[in-house]
Amino acid sequence: MDGYTPGEQPQAGKFIKLNTNENPYPPSPAVAAAITRAAESGLQRYPDPLATAFRLRAGEVLGVDPDWILCGNGSDDILTILTRSLVGEGQWLRFPSPSYLLYQTLADLQGARAEQVSFSADWRLTESFYRGHDALRLVLVPNPNSPSGTVVDTDAILELAQRVDCPVLVDEAYVDFAEASCLHLVRQDARIMVCRTLSKSYGLAGLRFGFLVAQPVMIEALRKVKDSYNCDALSIAGATAAIDDQAWFTDNRRKILTTRAHLADELRRLGYQVADSSANFVWCYRHDLSLEQIYRRLKEQRVLIRYMNYVGWGEGLRISVGTDEQISVCLQLLADAASD
Ligand SMILES: *Cc1c(COP(=O)(O)O)cnc(C)c1O
């Protein structure tokens, strides 16, 4: 099998890093304080297997009962737990394409069959995405989607769950940058689950913390499959402090949304086609220039963006929303590349 290849993570050198949708701003200072406190008390003990401190605080913030939450070592861990629990060898896992490349790897690991259904040209789910069959065990819908940043509306998700009649996971890794969430649908339809991560909107990609919201029967079943101590004591402390600091979160989100609007406008002015983004990145393309060359040229000048080429779909550039300064450097290089 082919493994999953994460976006480049240069560990040294001064890159402006706009390739893996990390937050350009550091997390709340309360995070480091909480981690220090946790490190100074009790690391000789195993952590709470259920990360209850986090579930209590997150439950209050999101208006969800803590028994409806399962925590993971990043939301990638949640995705692994779900596929291990629900999709057996030879069974089917469905997801749209182009979307998150990890889904295919998770299917491969299970010996499961991946059903990639193309989005429509305007990034909607097509009729065949809604059709159920007996061997279909799990449907994954990243919403907002990556690489496009686009959303499908919540009514479509509800209709999808009813028609496929199997568990549907809405991967809301980027939902904090969007207008609407599917969280309320979890109560309405037991087949619908939502996963979130602290990696993007809370600036904690390095900490590794994500969570699932699903009905308690499902959560109880999934607990049997996860590693007992899948979240360590430091990440539980840090994640709890992060979700507790909503003022920091709101301020940070506001800055990113402002910069996103500027980035999209300027890309259009430079002649790019730009998808309407509800995430902390922008997907753009053009046919008159080689996008791969543009990616390489920016990399030589120490600005990393993501070049993607999807079979049967086409290519594009995915640019994460950085600080205003980072985005203005990036835009200048893109303008230079377009005028040569
Ligand atoms: C980033 C991302 C994740 C995973 O995030 P974690 O860092 O593992 O929490 C999940 N789904 C999508 C679509 C993502 O882009």
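Residues numbered from 1 in each chain as written. Predicted model: local features only at pLDDT ≥ 70, side-chain atom pairs only at ≥ 80, totals over all residues. Heavy atoms only, no water.

**Q** Looking at this structure, how should I read the overall build of the protein chain?
**A** Across its full length, the protein chain carries twelve helices and 13 strands. Taken over the C-alpha trace, the protein chain has a radius of gyration of 20 Å; the compact-globule value for 340 residues is 20 Å, and the two agree within 12%. Judged by the C-alpha coordinates and their principal axes, the protein chain covers about 60 × 50 × 35 Å. When each of the 340 residues of the protein chain is scored for burial, the buried share is 53%. The long-range share in the protein chain, meaning contacts at least 24 apart out of those at least 6 apart in sequence, stands at 72%. Put simply, the protein chain shows about 15300 Å² of open surface, and 48% of that area lies on carbon and sulfur atoms. Computed over 34 positive and 42 negative side-chain charges, the separation of the two mean positions in the protein chain equals 2 Å. (Helix = DSSP H or I, 4+ residues; strand = E, 2+ residues; numbered from the N terminus. Rg over C-alpha atoms; globule rule 2.2 N^0.38 Å. Buried < 20%, exposed > 50% of the residue type's maximum accessible area, 1.4 Å probe, protein only. Contact = heavy atoms within 4.5 Å. Areas by Shrake-Rupley, 256 points an atom, 1.4 Å probe, with all protein chains shown as cover. Lys, Arg positive; Asp, Glu negative; His and termini not counted. Charge placed at Lys NZ, Arg CZ, Asp CG, Glu CD.)

**Q** How do you make sense of the sheet that holds strand β7 (residues 192-197) when you look at a structure like this?
**A** Within a sheet, adjacent strands bond to each other through the backbone by hydrogen bonds, running parallel or antiparallel. Ordered by their spatial adjacency, seven strands build an open sheet running β2-β8-β7-β6-β5-β3-β4, and the pairing between neighbours is mixed. Two strands close off the open sheet at either side, each with one partner strand: β2 (69-72) and β4 (113-118). Across the sheet, the mean angle from the axis of one strand to that of its neighbour is 20°, orientation sign disregarded. Relative to strand β5 (residues 136-142), strand β3 (residues 92-97) is paired through three bridges, and the arrangement is parallel. Paired with W92 across the strands is L136, a residue of β5. Relative to β3, helix α4 (residues 102-110) is tilted by about 165°, and along the sheet it contacts β3, β4, β5 and β6 (168-171). (Pairing = 2+ DSSP bridges. Axes fitted to C-alpha atoms, helices over the stretch in contact; angles between N-to-C directions.)

**Q** Would you explain the packing of aromatic side chains in this entry?
**A** Each aromatic ring pair is summarised here by two numbers: the centre-to-centre distance and the angle between the ring planes. Enumeration according to the criterion identifies twelve aromatic pairs in this entry. Where Y4 meets Y100, the ring centres are 6.0 Å apart and the plane angle is 75°; that geometry is what we call edge-to-face. Residue Y4 is located in the segment before β1 (16-17), and its partner Y100 is located in the loop between β3 and α4; the two are separated by 96 residues in the primary sequence. For Y100, a relative accessible area of 21% puts it in the partly exposed group. The rings of Y4, F95, Y100 and Y103 are connected pair by pair, giving a single aromatic cluster. Residue placement shows K255 over the ring face of Y25; its charged tip is 4.1 Å from the ring centre. (Phe/Tyr/Trp six-rings, centres within 6.5 Å; stacked < 30°, edge-to-face > 60°. Lys NZ or Arg CZ within 6 Å of the ring centre and 35° of its normal.)

**Q** Quick question: what am I supposed to make of the packing of helix α1 (residues 29-40) against helix α9 (residues 233-244) here?
**A** The axes of two packed helices give the description: the angle between them and the distance between them. One way to put it is that α1 packs onto α9 with a least axis distance of 8 Å and a crossing angle of 150°. As for the relative orientation of α1 and α9, their crossing is right-handed in sense. Counting all contacts with α1, which are made through A30, V31, A34, I35, A38 and A39, the residues of α9 involved are A233, L234, A237, G238, A241 and A242. Split by residue class, the contact of α1 with α9 holds eleven nonpolar, one polar and no charged. (Left-handed = near helix turned anticlockwise from the far one by under 90°. Nonpolar A, V, L, I, M, F, W, Y, C, P; charged D, E, K, R; others polar.)

**Q** Just checking my understanding: could you explain the domain arrangement of the protein chain for this structure?
**A** Note on interface size: it is often stated as the accessible area lost on association of the parts. Taken domain by domain, the protein chain consists of domain 1 (16-25 + 247-339) and domain 2 (29-244). Computed over C-alpha atoms, the centres of domain 1 and domain 2 are 26 Å apart. The interface of domain 1 with domain 2 comprises 23 residues on the first partner and 25 residues on the second. Carbon and sulfur atoms supply 65% of the area that domain 1 and domain 2 bury against each other, a total of about 1900 Å² over both sides. The largest per-residue losses of area from domain 1 upon contact with domain 2 belong to F249, S278 and W313, which jointly make up 32% of the total buried on that side. The interface formed by domain 1 and domain 2 holds zero salt bridges in total. Among the elements of the structure, α10 (246-269), β10 (281-285) and β12 (306-310) are those that each provide at least two residues to the side of domain 1 that touches domain 2. (Domains from an automatic or database assignment. Buried area = accessible area lost by both parts, 1.4 Å probe. Salt bridge = Lys/Arg side-chain N within 4 Å of Asp/Glu carboxyl O.)

**Q** I keep staring at the sheet that holds β10 and nothing clicks. Help me out?
**A** Ordered in space as β9-β10-β13-β12, the four strands form an open sheet in which the pairing is antiparallel. Of all strands in the sheet, those bounded by a partner on one side alone are β9 (273-274) and β12. Bridging between β9 and β10 involves two bridges; their strand directions are antiparallel. Bridge assignment links V274 to a residue of β10, and that residue is C284. Relative to the sheet, helix α11 (residues 291-300) contacts β10, β12 and β13 (314-320), its axis offset from that of β13 by approximately 30°.

**Q** Would you mind showing me how to read empty space enclosed by the protein here?
**A** If a probe the size of a water molecule is rolled over the atoms, the empty space left behind becomes visible. Overall, the coordinates contain one cavity of 30 Å³ or more when judged by the stated rule. Looking at the largest cavity, its volume works out to about 40 Å³. Forming the walls of the largest cavity are P49, L50, A51, R55, I69, L70, C71, R223 and K226. The dominant element in the lining of the largest cavity, judged by the number of residues it contributes, is β2, at three residues. Here the residues of the lining of the largest cavity are counted per class, giving six nonpolar, no polar and three charged. (1 Å grid on protein atoms, 1.4 Å probe; cavity = no way out; pocket = protein on both sides within 12 Å on 5 of 7 lines; lining within 4 Å. Points joined across faces, edges and corners; volume = space filled by probe spheres on them.)

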